Amino acid sequence: MRNALILTAVALSVSAQAQYGTFDKKAVEAAKSSTTIVARDAADPPFNRDMMSAVKANWKFTSSTDFSSIQDLATTPVDPAKTYLMKIRRTDAEKHDATFLALVQGWKMKKGEVLKVENNAVINVPPAQEIASIMIDAELMDKGGSAMLNVYLKNLQDYMKQVETGKITDKATADRLYASRNRLVKDMELWVAKDQLDKSLPDLSSIKETYTHEVKLMDYPQLMSAATQGTPNVTVADVVITGEYKTKWCFRRVFNASTGELMYARDEAALFDKKMGFIKEDFRILEQSR
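Computed from a prediction, not measured in an experiment: that's the story for all the values here.

A. Expanded view of the overall build of the protein chain. In terms of regular secondary structure, the protein chain is built from nine helices and 13 strands. The C-alpha atoms of the protein chain give 18 Å as radius of gyration, which agrees with the globular expectation for 290 residues (19 Å, within 12%). Judged by the C-alpha coordinates and their principal axes, the protein chain covers about 60 × 40 × 35 Å. Relative to its full complement of 290 residues, the protein chain shows a buried share of 54%. Within the protein chain, contacts between residues separated by at least 24 positions form 70% of all contacts whose residues are at least 6 apart in sequence. When the 40 basic and 38 acidic side-chain charges of the protein chain are each reduced to a single mean position, those positions are 4 Å apart.

Here it is, written out as structure tokens:
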């Protein structure tokens, strides 16, 4: 299977915070006929419960699913005829690293080859085996954020649909598709949690100085409720912060709560705890989108 893109620069470009995978429609079509093995964490955190619920409610890409422990995958060769929904971790040459939820196509492993697992994420998946992936905050998954798995699973499937139908054929077409959705946010309610805002935006009025469309400042559990229920006509904000000190980076996204479509994506350095969430520029871009 041929894969045209893997994100090696985890935090160095705008592309990193978006959602990518293979650009090969034949790879997507082949994966649809597989059984998907869903990798649970080794212990029993909230991630496991909500992942199982999200898969049962929202995973339509393959008709057959099964569940396994991430540790079991580390001791048993993967099956080339199966796909694997798992957490993976990437680190680039500049020491930027992040965790992704990914759909991985199984492959014929070499003698002695095993999956290496650290903190419930596989760190050595061959890039060519990734079908689709989305960056996540692994720690937040176990601290009240695992309901976003419903949105992330829909998002992965939306990406694969765009590849299969030929709307995404490379990184440029993917970026254009995501940018074209910016304007649609203005036709929906934008829900943002208070702790997703940078300190430069202390309240709702500071947002409305720039963004004149429907926006609501919510408590985080309210966003999670929208993610779980797939609330129609609502977009939900999402923030992932990676790294420490000189490598700290802030990824800001907006998703359609109902469809999982990525509607907006932007990222930049968050050094000295600046730009640690949505900033005025994000709302300016959405306001001026056409």
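B. Layout of unusual backbone geometry. Phi is positive for asparagine 119, which is not a glycine, with a value near 50 degrees. Positive phi outside glycine occurs at asparagine 233, with the angle close to 60 degrees. If you trace the backbone, asparagine 233 turns up in the loop between α8 (220–229) and β11 (234–242). When its relative accessible area of 43% is taken as the criterion, asparagine 233 is described as partly exposed.

C. Main features of the environment of phenylalanine 100. Summarising the element assignment, phenylalanine 100 is placed in strand β5 (residues 97–105). Classification of phenylalanine 100 by relative accessible area gives buried; the value is 1%. As for phenylalanine 100 and leucine 223, which are separated by 123 residues in sequence, their C-alpha atoms are 21 Å apart.

D. Layout of the pairing of strand β2 (residues 35–40). When β2 meets strand β3 (residues 64–69), the two strands line up parallel, connected through six bridges. Bridge pairing in β3 links threonine 35 to serine 64. Considered for its hand, the β-α-β crossover made up of β2, helix α2 (residues 46–58) and β3 is right-handed. Relative to strand β4 (residues 82–91), β2 is paired through four bridges, and the arrangement is parallel. Within β4, the position partnered with threonine 36 by the bridge is threonine 83.

Reading the values: the criteria
- Residues numbered from 1 in each chain as written.
- Predicted model: local features only at pLDDT ≥ 70, side-chain atom pairs only at ≥ 80, totals over all residues.
- Heavy atoms only, no water.
- Helix = DSSP H or I, 4+ residues; strand = E, 2+ residues; numbered from the N terminus.
- Rg over C-alpha atoms; globule rule 2.2 N^0.38 Å.
- Buried < 20%, exposed > 50% of the residue type's maximum accessible area, 1.4 Å probe, protein only.
- Contact = heavy atoms within 4.5 Å.
- Lys, Arg positive; Asp, Glu negative; His and termini not counted.
- Charge placed at Lys NZ, Arg CZ, Asp CG, Glu CD.
- Pairing = 2+ DSSP bridges.
- Right-handed = clockwise from strand over helix to strand, strands pointing away.

By themselves these figures say nothing about function.
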